[in-house]
Amino acid sequence: MIRIQPLLLGLLLGLALPAVTAQAQENLDKRQALRDEILATLPADRNRPVLDRIAPHNERWRQWVARTGELPPDFDAMPSLPLLPDPLVMDEGGANLPVRTAEQWGEQRRRLAAQLQHWMTGTFPPAPDNMIAEPVETLIDHGVRVETLRLRFGPERRAQLTVKLMIPPGEGPFPVFLTQWNHEQWAYIAVRRGYIGCIYAGADVLDDTEAYAAIWPEHDFSRLMRRAWGASRAIDYLLTRAEVAPGQIGITGHSRNGKQSLMAAAFDPRIGAVVSSSGGSGGENAWRYAEARYTSESIEEITNNFPAWFHPRLRWFSGREHKLPFDMNSLMALIAPRPLLLSTAFTESQGGPWGIEQIYRSVRTVYDFLGRPGAVSVRMRGGEHGTAARDIEEYVDFFDTAFGRAKLPVTSPLFYPYQFEQWAEAAGESIDPADFPERAPGELTAAAAGASADEAAALQRDIRERLGWLLGEQPAGITHAGPGSLADISGVDDWWTGGPLARPVLERATMKVIAPYSGMGDYLRANVYIPTAAAEPEAKRPALIWLHGFVHQQGFVARSRSLLQAFVDEGFVVLAYDQLGFGTRIEEGTRFYDRYPRWSKMGKMVLDARAAVDVLAGIAEIDTSNIYIAGDNMGGAVALMTAALDERLAGAAVYSGFTPLRTAGPDVEGILAWSHLHGLLPRLGFFVDAPSRIPVDFDELMAAVAPRPLRVIAPLQDRHAEPEQVARAVAEAGAVYERLGGGGRLELDARPGWLPLIEKHGTTRNEQKALARWLAETAARR
């Protein structure tokens, strides 16, 4: 048969294909330019051992790009999904068709599986039909039969998988506890509970699956998917054994093995239940909520450190997580309705308890749809990344319940139970946006243009009043001044002294603790870093309040040492603390709206920040005319609101703190992030469909700070902000600054990049030092 190329066919038939070709070339040029931009923006590939390079080729990610010629997707043609994609919506961001029938779910399930294989796991071969088992060793250990076997299969049976079975005494059939080779002692616990323990060589300590990439070159499965596919080969063999109870195979693993356990269960329906233990990013946590602002293991970090774990295509989405057509809830939806437990430590440095709970809520809707609402659970433990026997016992409890052997449900209360609809009902709130005036871009500039200084000040008072309404009804309370001097601050803390929440120790600084019984605000702890460099006689020091961002698991301590060091080295006394719902205060935030239904978490955060001002203003050694506040992402928003309300602050700095809400487009979370997702400002939730009527926006908050110095640092590739709108808002506020004699004191620093202001890369440290210098220069000018 003769095949004619489309272009030649078009010429023969006189069709107008050159225009299509030109359009295709334009798209190709655009994607090539984007590839070059991404290559220039992402940090350099890290030089790690060959084991962590993309297999079977000995290369890093940039080498893979060069070898394959792969281009990033056309992001402009992909829908933006800033919130978690909904597994029960087909063509989300397009037709948005809800899944209502079993047939539609089957179609959606196939679509999700295809997306996951293309972007994250890679494709994998069908199950081989030529497996043989070769005995390696058999022994009896206190009545347990231990068999080590080598499974051979695939082309010419060149593929192998070493498995070890630990079969308890008795007739069986027994359920199976399936895990990876390095978790052999986990299996010991399961054997004592009447399970066949089965470990397979799909782990760092022994990995037979690495060779699969070369044996099946037509498939591009990543390392973790190869290991997950290896687990299925172990199941192929297990189901040939009379001792095995079909349908009662549970798989579990920890960290990277937790990730592969989810992959195995998602693509192998023979797995009856799964426990993902501290799988983190690419495991229980969402990619969208593991990105850099959450100080978890982002796509950028994990694909740079471990480029073979996932398909290299995943890295294109670094900083563009909202363009992912899937997330980890999509993978878990493939497991439904089989029992699933998400287990993690809520203070893991690379974890994300808040993100995991968002994943759980989303996946639960699939389980509800399939008629198994109680089959998915979350289990949170204390500590860091590691596990103990107590945890494995509970994993076996979960399998016992899943397989009907006992009723030992393993779950834990949610730390972040807030839901907007439930809050509105409990608070009795019902707000009609039509009762609020519409405000369009440019109104603030127009109001300031012809205003006198007194009228501009009145405008600021009106903004503060509207902000106060949005923050909710703050209960009456007592002001606590705290210690009166730096010498009166304690040098020890009798609560958190180490572990995952250990306070960072700085060079050239003394760390003290404002803690009960001389605390801050409403019985709060804070850390104070005092420069040890000698000050001039009688000189008072400037002070800075630093507010962290969305670091749920660790609060201000997460990767903050170099940042705090930069502030101290510029001579600032730095006060830092965990905000409500973060780090040491996670549990405090859990039932906040049960206790204060008509207040807001953001209102409490602002109150705490003002309590920090109270403390610093009462310390004799502090220059009270030079107290500043600064913050990163969420902390930047809190800093801005606090500076708008508290004129004792000499100035503020906001890093990646906001995008204007009235004009927010589909690429950002917008109002929903504050009202529904994080539950920081619930009253905003009534304005989701009427954004022009929100009572106050960030341009007005900046205007309320005038004429005090304010620096807005806005990374141009921050996916949570729209650079043009941020610049417009700064210009709007600038009109009020000009009217109040503060021209030049409101600065916009729009710079390339998207990383938050945490300790991570060299460029970030330069930005930390630049911010510290700006604060020092600003203080020196007063």
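Residues numbered from 1 in each chain as written. Predicted model: local features only at pLDDT ≥ 70, side-chain atom pairs only at ≥ 80, totals over all residues. Heavy atoms only, no water.

A.B. asks: Would you explain the overall build of the chain in this entry?
C.D. replies: Regarding its fold elements, the chain presents 24 helices and 21 strands. For the chain, the C-alpha radius of gyration of 29 Å lies close to 28 Å, the compact-globule estimate for 782 residues. Across its three principal directions, the C-alpha atoms of the chain cover 85 × 80 × 55 Å. Taken over 782 residues, the chain has a buried fraction of 59%. For the chain, contacts bridging at least 24 residues in sequence account for 72% of all contacts bridging at least 6. (Helix = DSSP H or I, 4+ residues; strand = E, 2+ residues; numbered from the N terminus. Rg over C-alpha atoms; globule rule 2.2 N^0.38 Å. Buried < 20%, exposed > 50% of the residue type's maximum accessible area, 1.4 Å probe, protein only. Contact = heavy atoms within 4.5 Å.)

A.B. asks: Could you clarify how one ought to interpret the packing of helix 4 (residues 102–121) against helix 8 (residues 256–267) in this entry?
C.D. replies: Between two packed helices, what matters for the description is the angle formed by their axes and the separation of those axes. Packing of helix 4 against helix 8 leaves a shortest axis separation of 12 Å and a crossing angle of 145 degrees. For the crossing formed where helix 4 meets helix 8, the hand is left-handed. Here helix 4 contributes R109, A113, L116, Q117, M120 and T121 to the contact with helix 8, which in turn contributes M263, A266 and F267. Partitioning the contact of helix 4 with helix 8 into residue classes produces 6 nonpolar, 2 polar and 1 charged. (Axes fitted to C-alpha atoms, helices over the stretch in contact; angles between N-to-C directions. Left-handed = near helix turned anticlockwise from the far one by under 90°. Nonpolar A, V, L, I, M, F, W, Y, C, P; charged D, E, K, R; others polar.)

A.B. asks: Would you mind showing me how to read the sheet that holds strand 17 (residues 573–576) here?
C.D. replies: Sheets are built from strands that pair by backbone hydrogen bonding, the pairs being arranged parallel or antiparallel. Taken together, 8 strands build an open sheet; the order of strands is 14-15-17-16-18-19-20-21 and the sheet is mixed. The sheet terminates laterally at strand 14 (509–514) and strand 21 (746–751), the two strands that pair on one side only. For this sheet, the mean angle separating the axes of adjacent strands, direction not counted, is 15 degrees. Here strand 14 pairs with strand 15 (residues 526–531) via 6 bridges, running antiparallel. Paired with A509 across the strands is P531, a residue of strand 15. Most of the contacts of helix 16 (residues 561–569) go to strand 16 (residues 541–547), to which it runs at about 165 degrees, and overall it touches strand 14, strand 15, strand 16 and strand 17. (Pairing = 2+ DSSP bridges.)

A.B. asks: Teacher, can you tell me more about the packing of helix 15 (residues 453–471) against helix 20 (residues 634–645) here?
C.D. replies: Packing of helix 15 against helix 20 brings their axes to within 10 Å, and their N-to-C directions diverge by 130 degrees. Judged by the angle between their axes, helix 15 and helix 20 are oblique. Seen from above, helix 15 lies across helix 20 with left-handed handedness. In this structure, helix 15 uses R464, L467 and L471 to contact helix 20, whose residues at the interface are M641, A644 and L645. (Parallel < 35°, antiparallel > 145°, perpendicular 65-115°, else oblique.)

A.B. asks: Just to check I follow, could you spell out the pattern of salt bridges for this structure?
C.D. replies: Opposite charge on two side chains lets them pair, provided their charged atoms get close. Evaluated as defined, the whole model comprises 64 salt bridges. The salt bridge involving D268 is made with R270; its shortest N-O contact spans 2.9 Å. According to the relative accessible area criterion, D268 is buried, its value standing at 3%. What makes R270 partly exposed here is its relative accessible area of 29%. Of the charged contacts, one joins E429 and R683 as a salt bridge, the two residues approaching to 2.9 Å between their closest N and O atoms. (Salt bridge = Lys/Arg side-chain N within 4 Å of Asp/Glu carboxyl O.)

A.B. asks: Is there a simple way to think about the pairing of strand 5 (residues 159–167) in this case?
C.D. replies: If a strand is regular, its side chains alternate between the two faces of the sheet. Burial within strand 5 is extensive, with 8 of its 9 residues counted as buried. The pairing of strand 4 (residues 144–153) with strand 5 spans 9 bridges and is classified as antiparallel. Paired with L151 across the strands is L161, a residue of strand 5. Sheet analysis places strand 5 next to strand 7 (residues 196–200), joined by 4 bridges and oriented antiparallel. Counterpart to L165 in the pairing with strand 7 is C198.

A.B. asks: Got a minute to help me understand empty space enclosed by the protein in this structure?
C.D. replies: To locate leftover empty space, one rolls a probe as large as a water molecule over the atoms. Inspection of every chain in the model, using the stated rule, returns 7 cavities of 30 Å³ or more. Its boundaries defined by the atoms lining it, the largest cavity holds a volume of some 180 Å³. For the largest cavity, the lining is made up of 16 residues, of which R293, E669, A673, W674 and H720 are closest to its centre. Here the residues of the lining of the largest cavity sort into 7 nonpolar, 6 polar and 3 charged. (1 Å grid on protein atoms, 1.4 Å probe; cavity = no way out; pocket = protein on both sides within 12 Å on 5 of 7 lines; lining within 4 Å. Points joined across faces, edges and corners; volume = space filled by probe spheres on them.)

A.B. asks: Hey, could you run me through helix 11 (residues 353–369) in this one?
C.D. replies: Along an α-helix, residues three or four apart share an orientation, since each turn contains 3.6 residues. Helix length check: helix 11, at 17 residues, gives a terminal C-alpha distance of 25 Å against a target of 24 Å (1.5 Å per residue), a fit within 8%. Counting buried positions over the 17 residues of helix 11 gives 13, a clear majority of the element. Residue G371 follows helix 11 closely and has a positive phi angle near 85 degrees. (Expected span 1.5 Å × (residues − 1).)

A.B. asks: What exactly am I supposed to notice about the environment of N285 here?
C.D. replies: Note that N285 resides in the loop between strand 11 (273–277) and helix 9 (299–305). In this structure N285 comes out as buried when scored by relative accessible area, which is 1%. Along the backbone, N285 and L341 are 56 residues apart, and their C-alpha atoms lie at a distance of 13 Å. Discounting chain neighbours no more than four positions away, the residues touching N285 are G280, A290, S296, M328, G351, G352, G355, I356 and I359.

A.B. asks: Would you mind going over the pairing of strand 21 with me for this structure?
C.D. replies: Pairing geometry for strand 20 (residues 710–715) and strand 21, over 6 bridges, is parallel. Paired with P715 across the bridge in strand 21 is R751. What joins strand 20 to strand 21 is helix 23 (residues 723–739), and the crossover it makes is right-handed. (Right-handed = clockwise from strand over helix to strand, strands pointing away.)

A.B. asks: It is not clear to me how unusual backbone geometry should be interpreted in this structure. Could you clarify?
C.D. replies: Glycine aside, negative phi is the norm for most residues, and most peptide bonds take the trans geometry. Going from A55 to P56, the amide bond is cis rather than trans, its omega being 0 degrees. Along the chain, the position of P56 falls in the loop between helix 2 (17–41) and helix 3 (61–68). The peptide bond linking A336 to P337 adopts the cis configuration, its omega dihedral lying at 5 degrees. Structurally, the position occupied by P337 is in the loop between helix 10 (328–333) and strand 12 (340–345). Even without being a glycine, R157 presents a positive backbone phi close to 50 degrees. Secondary-structure assignment places R157 in the loop between strand 4 and strand 5. A positive phi angle, near 40 degrees, is found at N633, a position not held by glycine. Mapped onto the fold, N633 is located in the loop between strand 18 (622–632) and helix 20.

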